[in-house]
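# Residue-level structure breakdown
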Amino acid sequence: MEEGWQMGSLFEELEAREAAARARVEELEAELAELSGKLELARESLKRLRITRETVTEVLAEMEPEMPVADAGPSRSGERVVSAYAGAERQVIGVLTVPNWQPGMMPDVLPSVYRDIVEVVADAPGPIRAKQIVPRIGLPAETGKIEGTRSKLKRLVERGWLDEEAPGLFTPARRRTAASPNSR
């Protein structure tokens, strides 16, 4: 009899342990579901913040307060230098603007990312595309970065710093004359 009692106790013990393990699994699954929900909310928040930052960056880069071009005085070489910012009151703080090119202006008046783009285009042996520029200015070759760079290239063309020989092919700006279609 004692042997039957031990077998019965063993099965009861195994059932009790199985029930406890099942309860623990259900508890962990509930925690996992809760954490998965929190993770999804955090991912969505991150995505919204990234999109917001990119949108604000684009909007601010496109904003350009009306600023007169003023003579900034002599350069290191003794020539007179034109600055888009000299004597201008800044309307917006923290905005990187691309001034319209004027005779005598050098790329050093541009925000650094635009200056880097102009330098890469100037160093290229021929017309260059946005996707070729992106890695040369230290950005990953992702679609968003290529499109952002293409937007900056178009802005540099609009403002007279670069030329677009054919759609998507950018070159350094030729010297502007009054008859040039890209004169500013």
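Read on for a plain summary of the structure. Numbers given to residues run from 1 along each chain, matching the order in which its sequence is written. Given that the model is predicted, a residue must reach a pLDDT of at least 70 before its local features are reported, and side-chain atom pairs must reach 80 or more before they are shown or counted; all residues, however, enter totals for whole chains, interfaces and linings. Only hydrogens and water are removed before side-chain values are computed, so all heavy atoms of the structure are retained for them.

### As for a nonpolar patch on the surface
Exposure above 30% relative accessible area and the absence of a salt bridge qualify a residue for a patch, where like charges join within 9 Å and nonpolar side chains (Val, Leu, Ile, Met, Phe, Trp, Tyr) within 5 Å. We get accessible surface area from the Shrake-Rupley algorithm with a probe of 1.4 Å; when it comes to residues, only the shown protein chains can shield them. One side-chain nitrogen of Lys or Arg within 4 Å of one carboxyl oxygen of Asp or Glu is enough to make a salt bridge. A surface patch of nonpolar side chains, about 300 Å² in accessible area, is lined by Leu 10, Phe 11 and Leu 14. Put simply, DSSP marks the helices as runs of H or I at least four residues long and the strands as runs of E at least two long, and each gets a number from the N terminus on. With respect to the helices and strands, Leu 14 occurs in helix H1 (residues 2–62).

### Looking at the environment of Glu 164
For Glu 164, the location among the structural elements is in strand E3 (residues 162–166). Placed 11 residues apart in sequence, Glu 164 and Leu 153 show a C-alpha to C-alpha distance of 8.7 Å. Sequence-distant contacts of Glu 164, defined by excluding residues within four places in its chain, comprise Lys 154, Val 157, Leu 169 and Phe 170. A distance of 2.8 Å separates polar atoms of two side chains, one belonging to Glu 164 and the other to Lys 154. Contacts: residue pairs with any heavy atoms within 4.5 Å of one another. What qualifies as a polar contact is a pair of N or O atoms within 3.5 Å, subject to a donor-acceptor requirement within protein and to the restriction that residues adjacent in sequence count only when both atoms come from side chains.

### Side note on the pattern of salt bridges
Oppositely charged side chains can form a pair if their charged atoms are brought close together. In the structure shown here, the tally under the stated rule is 7 salt bridges. Lys 154 is the partner of Glu 164 in a salt bridge, and the nearest nitrogen-oxygen pair spans 2.8 Å. One end of the pair, Glu 164, is in strand E3; the other, Lys 154, is in helix H4 (residues 143–158), and 10 residues separate them in sequence. For Glu 164, a relative accessible area of 25% gives the class partly exposed. Asp 163 is the partner of Arg 174 in a salt bridge, and the nearest nitrogen-oxygen pair spans 3.2 Å. Pair noted here: Arg 174 is in the segment after strand E4 (169–172) and Asp 163 is in strand E3, with a separation of 11 residues, a long-range link. Relative accessibility decides the category of a residue: with a 1.4 Å probe and only protein chains considered, values under 20% of the type maximum give buried, values over 50% give exposed, and everything between is partly exposed. The exposure class of Arg 174 is exposed, given its relative accessible area of 52%. Here Asp 163 falls in the buried class, since its relative accessible area comes to 2%.

These results come straight from atomic positions and should not be treated as a statement about function.
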